[in-house]
Amino acid sequence: QVQLVESGGGLVQAGDSLRLSCAASGRTFSSYTMGWFRQAPGKEREFVAAISGSGGNTYYADSVKGRFTISRDNAKTTLYLQMNSLKPEDTAIYYCAARYSFIYLQVAQKYDYWGQGTQVTVSS
């Protein structure tokens, strides 16, 4: 079992950058595929990015490809999401999530553990 705590959200202007962090408990962090999802008001939870346990494989939603970078530090048991060139449509609560396998990455229901979320607001 793993517990996840996100941080780093805030209010920024369009074009700015922000880095989210997700601190994980437990000594088996490197065993988990990690993902970032987001949910805007009135919308369903949306896949953003995922990374394999070793960090060697990543996968992005088309809407963030080229702007966002997912990474992890297994020694620090921390997941990151570097967000550049932010747009107002990136405004949402961002969640990190963990699962064991690196398949069906975009399906939120396939993830076993979730953090509480961190708010990102991008003003125009």
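Look up a bit, the structure's there.
The residue count restarts for each chain, going from 1 along the sequence in the order it is written. Where local features are concerned, this predicted model is filtered to residues with pLDDT of at least 70; where side-chain atom pairs are given and counted, the filter is 80 or more; whole-chain, interface and lining totals use all residues. Hydrogens and water are ignored here; the side-chain numbers use all heavy atoms of the structure.

Draft legend 1. Quick peek at the overall build of the protein chain. Segments assigned H or I by DSSP are reported as helices when at least four residues long, segments assigned E as strands when at least two residues long, and all are numbered from the N terminus. Regarding its fold elements, the protein chain presents 0 helices and 11 strands. Scanning the protein chain from its N terminus toward the C terminus, one meets helices and strands in the order β-β-β-β-β-β-β-β-β-β-β. Against the compact-globule benchmark of 14 Å for 124 residues, the protein chain has a radius of gyration of 13 Å, which places it among compact chains. Taken along its principal axes, the extent of the C-alpha atoms in the protein chain is 40 × 25 × 25 Å. Each of the 124 residues in the protein chain was classed as buried or not, and the buried ones make up 44%. Here, residues are in contact when the closest pair of their heavy atoms is within 4.5 Å. Counted over contacts in the protein chain with a minimum sequence separation of 6, partners at least 24 positions apart contribute 58%. Radius of gyration: over C-alpha atoms. The globule rule applied is 2.2 Å multiplied by the number of residues raised to the 0.38 power. Note on classification: 1.4 Å probe, protein chains only; a residue is buried when its accessible area is under 20% of the maximum for its type, exposed when over 50%, partly exposed between these limits.

Draft legend 2. How the structure looks around the state of the cysteines. Pairs of cysteine sulfur atoms within 2.5 Å are identified as disulfides in what follows. Per the stated rule, a full pass over the model turns up 1 disulfide. The disulfide that involves Cys22 links it to Cys96, with 2.0 Å between the sulfurs. Between Cys22 and Cys96, the S-S dihedral sits near 55 degrees, and the bridge is therefore right-handed. On the criterion of sequence distance, the pair formed by Cys22 in strand β3 (residues 18-24) and Cys96 in strand β9 (residues 92-99) is long-range, its members being 74 residues apart. Note on Cys22: relative accessible area 0%, which makes it buried.

Draft legend 3. Region of the structure containing the sheet that holds strand β1 (residues 4-7). Any two strands between which DSSP finds at least two bridges are classified as paired. An order of β1-β3-β8-β7 is seen for the 4 strands of this open sheet, with the pairing classed as antiparallel. Each of the sheet's edge strands pairs with one partner strand only, and the pair in question is β1 and β7 (68-73). For this sheet the average axis-to-axis angle between neighbouring strands, irrespective of direction, equals 15 degrees. In this sheet, β3 lies alongside β1 in antiparallel orientation, the contact comprising 4 bridges. To obtain an axis, a line is fitted to C-alpha atoms, over the contacting stretch when the element is a helix, and the angle between two such axes runs from 0 to 180 degrees between their N-to-C directions.

Draft legend 4. Spotlight on the packing of aromatic side chains. Between rings of Phe, Tyr and Trp, where Trp is taken as its six-membered ring, a pair exists when centres lie within 6.5 Å; planes separated by under 30 degrees are stacked, by over 60 edge-to-face, and by other angles tilted. Evaluated as defined, the whole model comprises 8 aromatic pairs. Taking the centre distance of 5.6 Å and the plane angle of 75 degrees together, the rings of Phe37 and Phe47 count as edge-to-face. Of this pair, Phe37 sits in strand β4 (residues 33-39) while Phe47 sits in strand β5 (residues 46-51), placing them 10 residues apart in sequence. Each residue in the set Phe37, Phe47, Tyr59, Tyr95, Tyr111 and Trp114 is aromatic and connected to the rest through ring pairs, giving one cluster. By definition here, charges over rings are those cases where NZ of Lys or CZ of Arg is within 6 Å of the ring centre and within 35 degrees of the ring normal. One Lys or Arg, Arg72, reaches over the ring of Phe29 and ends 4.4 Å from the middle of that ring. The ring of Tyr104 has Lys110 lying over it, and the distance from NZ or CZ to the ring centre is 5.4 Å.

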